[in-house]
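Analysis of the macromolecular model
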Amino acid sequence: MLKTEQKPITDQLKKAWWKEAVVYQIYWRSFNDTTGNGFGDLEGVIEKLDYLKELGVDVLWLNPFYDSPDVDNGYDISDYYAIMDKAGDFNVFNRLMTEVHARGMKVIMDLVVNHTSDQHPWFQESRSSKNNPKRDWYIWKDGVNGGPPNNWRSYFAPSAWEWEEQTNQYYFHSFAVEQPDLNWENRELREEIYRMMRFWLDKGIDGFRLDVINLLAKQAGFPDAENPYTLDYLGNNPGIHDFLHEMHEEVFKHYDIMTVGEIPFVGPEDGVLYVGEDREELHTLFHFEVADDMPSWDMRRFKEIQKRWYEGLKGCGWNSQFLNNHDHTRQVTRYGNDGKYRVESAKQLGMMIHTLPGIPYVYQGEEIGMTGVRFPSIEDYNDVAMKNKYKEEVDKGRDPEEVFEELLPLSRDNSRTPMHWTAERNAGFTSGTPWIKTNPNYKDINVERALNDSNSVFYFYKTLIELRKNNDVMVYGDFEDLSGQDEHLYIYKRTLHSTTWLIALNHSEEEKECSLLKDYETSFDQLILSNYDNDENKRYKLRPYEARLYSI
Ligand code: TEU
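Residues numbered from 1 in each chain as written. Predicted model: local features only at pLDDT ≥ 70, side-chain atom pairs only at ≥ 80, totals over all residues. Heavy atoms only, no water.

1. Re the environment of E54
- Tracing the backbone shows E54 in helix α3 (residues 49-55).
- For the pair E54 and A291, spaced 237 residues apart in the sequence, the C-alpha separation amounts to 28 Å.
- Not counting chain neighbours up to four residues away, the residues in contact with E54 comprise F458, Y459 and K462. (Helix = DSSP H or I, 4+ residues; strand = E, 2+ residues; numbered from the N terminus. Contact = heavy atoms within 4.5 Å.)

2. What to know about the sheet that holds strand β20 (residues 547-551)
- Read from one edge to the other, the open sheet built from 5 strands follows the order β14-β15-β16-β20-β18, with strand pairing classed as antiparallel. The strands lining the two open edges of the sheet, one partner per strand, are β14 (478-481) and β18 (527-530). Within this sheet the neighbouring strands show an average axis-to-axis angle of 15°, counted without direction.
- Here strand β16 (residues 499-506) runs beside β20; their pairing, made up of 5 bridges, is antiparallel. If you follow I503 over to β20, its bridge partner there is L549.
- Strands in contact with helix α11 (residues 342-355) are β15 (489-496), β16, β18 and β20; relative to β16, the strand with the most contacts, it is inclined by about 145°.
- The sheet strands contacting helix α15 (residues 457-470) are β16, β18 and β20, and the helix crosses β18 at an angle near 145°. (Pairing = 2+ DSSP bridges. Axes fitted to C-alpha atoms, helices over the stretch in contact; angles between N-to-C directions.)

3. Structural notes on the pairing of strand β9 (residues 207-210)
- Taking every second residue as pointing to the same face, both faces of β9 are buried, with G207 and R209 on one and F208 and L210 on the other.
- Sheet topology places strand β5 (residues 106-111) next to β9; 3 bridges connect them, and they run parallel. Considered in β9, the bridge of L111 is made with L210.
- For β9 and strand β10 (residues 258-262), the ladder comprises 4 bridges, and the chain directions are parallel. Residue pairing across strands places G207 opposite M258, the latter belonging to β10.
- In this fold, β9 hands off to helix α7 (residues 240-250), which returns the chain to β10; that crossover is right-handed. (Buried < 20%, exposed > 50% of the residue type's maximum accessible area, 1.4 Å probe, protein only. Right-handed = clockwise from strand over helix to strand, strands pointing away.)

4. As for helix α9 (residues 299-313)
- Over its 15 residues, α9 runs 21 Å from end to end, which matches the ideal 21 Å to within 8%, given 1.5 Å per residue.
- Buried within α9 we find M299, F302, K303, I305, Q306, W309, Y310, G312 and L313.
- One or two residues past the end of α9 sits G315, with phi positive at roughly 80°. (Expected span 1.5 Å × (residues − 1).)

5. A few points about the domain arrangement of the protein chain
- Domain boundaries assigned for the protein chain yield domain 1 (23-114 + 187-217 + 258-462), domain 2 (121-172) and domain 3 (475-551).
- Each of domain 1 and domain 2 has a C-alpha centre, and these two points are 31 Å apart.
- Between domain 1 and domain 2, the contact holds 16 residues from the first and 7 residues from the second.
- Interface area, domain 1 with domain 2, both sides summed: about 940 Å², of which 64% is carbon and sulfur.
- The tally of links from domain 1 across to domain 2 stands at 1 salt bridge.
- Ionic pairing is found between E392 and R153, a salt bridge with its closest N-O pair at 3.0 Å.
- Counting residues per element, the ones that place at least two in the side of domain 1 that touches domain 2 are α6 (187-202) and α12 (384-395). (Domains from an automatic or database assignment. Buried area = accessible area lost by both parts, 1.4 Å probe. Salt bridge = Lys/Arg side-chain N within 4 Å of Asp/Glu carboxyl O.)

6. Concerning the side chain of E262
- Tracing the sequence through the fold places E262 in strand β10.
- According to the relative accessible area criterion, E262 is buried, its value standing at 7%.
- Of note is the side chain of E262, whose polar atom sits 3.2 Å from the side chain of R209.
- With residues up to four places along the chain from it excluded, the contact list for E262 reads R209, L210, D211, V212, I213, N214, F286, F288 and D327. (Polar contact = N/O pair within 3.5 Å; in protein donor to acceptor, adjacent residues only side chain to side chain.)

7. Overview of the packing of helix α8 (residues 268-275) against α9
- Look at α8 against α9: their axes get within 9 Å of each other, and the N-to-C directions meet at 45°. Between α8 and α9, the angle is such that the two are oblique. You can see that α8 and α9 cross each other, and the crossing is right-handed. Contacts between α8 and α9 involve P268, G271, V272 and V275 on the former and, on the latter, R308, W309, G312 and L313. (Parallel < 35°, antiparallel > 145°, perpendicular 65-115°, else oblique. Left-handed = near helix turned anticlockwise from the far one by under 90°.)

8. A few points about the packing of aromatic side chains
- Applying the stated criterion across every chain, the model contains 51 aromatic pairs.
- Ring geometry for W122 and W137: centres 5.1 Å apart, planes at 75°, overall edge-to-face. Of the two residues, W122 is situated in helix α5 (residues 121-128) and W137 in the loop between α5 and β6 (140-141); the sequence distance between them amounts to 15 residues.
- Exposure remark for W137: the relative accessible area of 5% places this residue in the buried category.
- On the numbers, 5.3 Å between centres and 65° between planes, the contact of Y310 with F479 is edge-to-face. Here the residue Y310 occupies a position in helix α9, and F479 occupies one in strand β14, the gap between them amounting to 169 residues. For the pair formed by Y310 and F479, the shared burial category is buried.
- Following the ring pairs from residue to residue traces out a cluster consisting of F65, Y66, Y80, Y81, F90, F93, W122, W137, F199 and W200.
- Geometry around W421 places K48 over its ring, the cationic atom sitting 4.0 Å from the centre.
- Seen from the ring of W140, R135 lies directly overhead, with NZ or CZ sitting 3.8 Å from the centre. (Phe/Tyr/Trp six-rings, centres within 6.5 Å; stacked < 30°, edge-to-face > 60°. Lys NZ or Arg CZ within 6 Å of the ring centre and 35° of its normal.)

9. Brief notes about the site of the ligand
- Neighbouring the ligand are 18 residues, the closest being D72, Y155, D211, D292 and D327.
- Note that an oxygen atom of the ligand is positioned 2.9 Å from one of the side-chain N or O atoms of H326.
- The residue inventory of the shell around the ligand, partitioned by class, reads 7 nonpolar, 3 polar and 8 charged. (Near = heavy atom within 4 Å. Nonpolar A, V, L, I, M, F, W, Y, C, P; charged D, E, K, R; others polar.)

10. Considerations on the pairing of strand β1 (residues 23-26)
- The two faces of β1 match: V23 and Q25 on one face and Y24 and I26 on the other face are all buried.
- Bridging between β1 and strand β13 (residues 359-363) involves 3 bridges; their strand directions are parallel. Within β13, the position partnered with Q25 by the bridge is Y363.
- Here β1 runs beside strand β2 (residues 59-62); their pairing, made up of 4 bridges, is parallel. Within β2, the position partnered with Y24 by the bridge is L60.

11. Observations regarding the packing of α12 against helix α13 (residues 400-407)
- Running from amino to carboxyl end, α12 crosses α13 at an angle of 145°, the nearest separation of the two axes being 10 Å. Remark: the crossing between α12 and α13 carries right-handed chirality. Where α12 approaches α13, its residues M386, K389, Y390, E393 and V394 are matched on the opposing element by P400, V403, F404 and L407.

Okay, structure coming up:
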């Protein structure tokens, strides 16, 4: 690992546009419907580009819109070279690219190459017979003692193996049964994937978000897991770095793009192997020490995670910062306070994500403080992960109501409800019937309202993004946590050359004394941004969910 201690970070790391970017994630099917069929579409994204430009984000990450039977909302691809009817066609896609670029923004596409849909023609061929030339493009194994090859679970099913009558073998799937894993050991398959990646890059896209990219290499011999529930045996296996380096050589290095890998089950020691600047694999990563492993807010743990990742990547790799996405419950509900302090806590979490080291991501609706949801019945939900788990538990004989309650807080549908544009029917998302119910609070929380309120979460985000554009310290500055073990306060510095910024956050519903504000002789004159009005009496106190950014 490259490690140089004393030098400021800018001397060690080259500047790059993607390091300076703010990424906005568009879950297009829930963003804006222009046809009235209840699904958002690419045309709907074009319609809202001026809104996104106003917010100031630079890079748009679009969730998958390749052809797909939609068992897992596009993460089960049946044709990598086609666009799903629901999303649009190549004409709209080309226009989208032109319109995005005309506004000085960029697009990264979500790409799933760990698995395909079981409806993909490759899999249809592969499953047809043992000696089909594509048999080896997927992972087939004989059973053991009348059961599956090993005890592994999959993300969305009790077993990672599915029996196929026709050829008397099991195939392997890390996710749903309908998402068979590709066999990356097969050279021909890898070349076909690289060709497909070039196809999209040659259309002018600006990079990829690579779905569960550290799962490509499988454990040799598929041994039983000690605890099948951990799932960590699915990722980071020997050979993974050869695949990613090859991908970089064959594809990435020939384009000026951004690559962000979805990398579960890693800490910084392994993380740096994916994003180390000397390693020629990926630019940056999503790790899941927060989103997967910290179910509710835990300040000490969060601080410890941030510190460890900062130290682990300092001078050698680039992190990403996010608290929610299409898989993880909206941050103001999960990690903030979506009641009395919704606005304050939405702003506070925003300030934190935009001032910690790494690329900040905004998930659609986060910029207006959208919340999680609670629908009355399992029938109102669509998430394959939730529904499969519900069935598994109820089939064991458990009380359905209890299982439902248990699954509600982290259901992926919490983040997938339609975007709130207006207070009109269906939140202005569709003139038809939305594919998933709208969150009933759209009359209070919507874009129209936010744009008419200079104190809204929207304008706070806009300011954060603007500050990042104009101040390198937010991107390249060194990071130092000053708040130690405090359970509620998070106080840290970012320093670049002679500029030092101090960020002071109170993550609690109580006012807290903050002596560090005295030690650093902060004054309201140096205050760049805050989510409360100034009050001389509160100079050294932080009010509930208060967030302040000083230049000192
Ligand atoms: O997610 C991987 C996944 O299973 C996440 O739900 C998990 O919480 C974490 O991110 C990794 O441990 C990706 C996609 O984002 C998700 O929508 C897909 O369903 C999944 O891959 C399968 O393609």
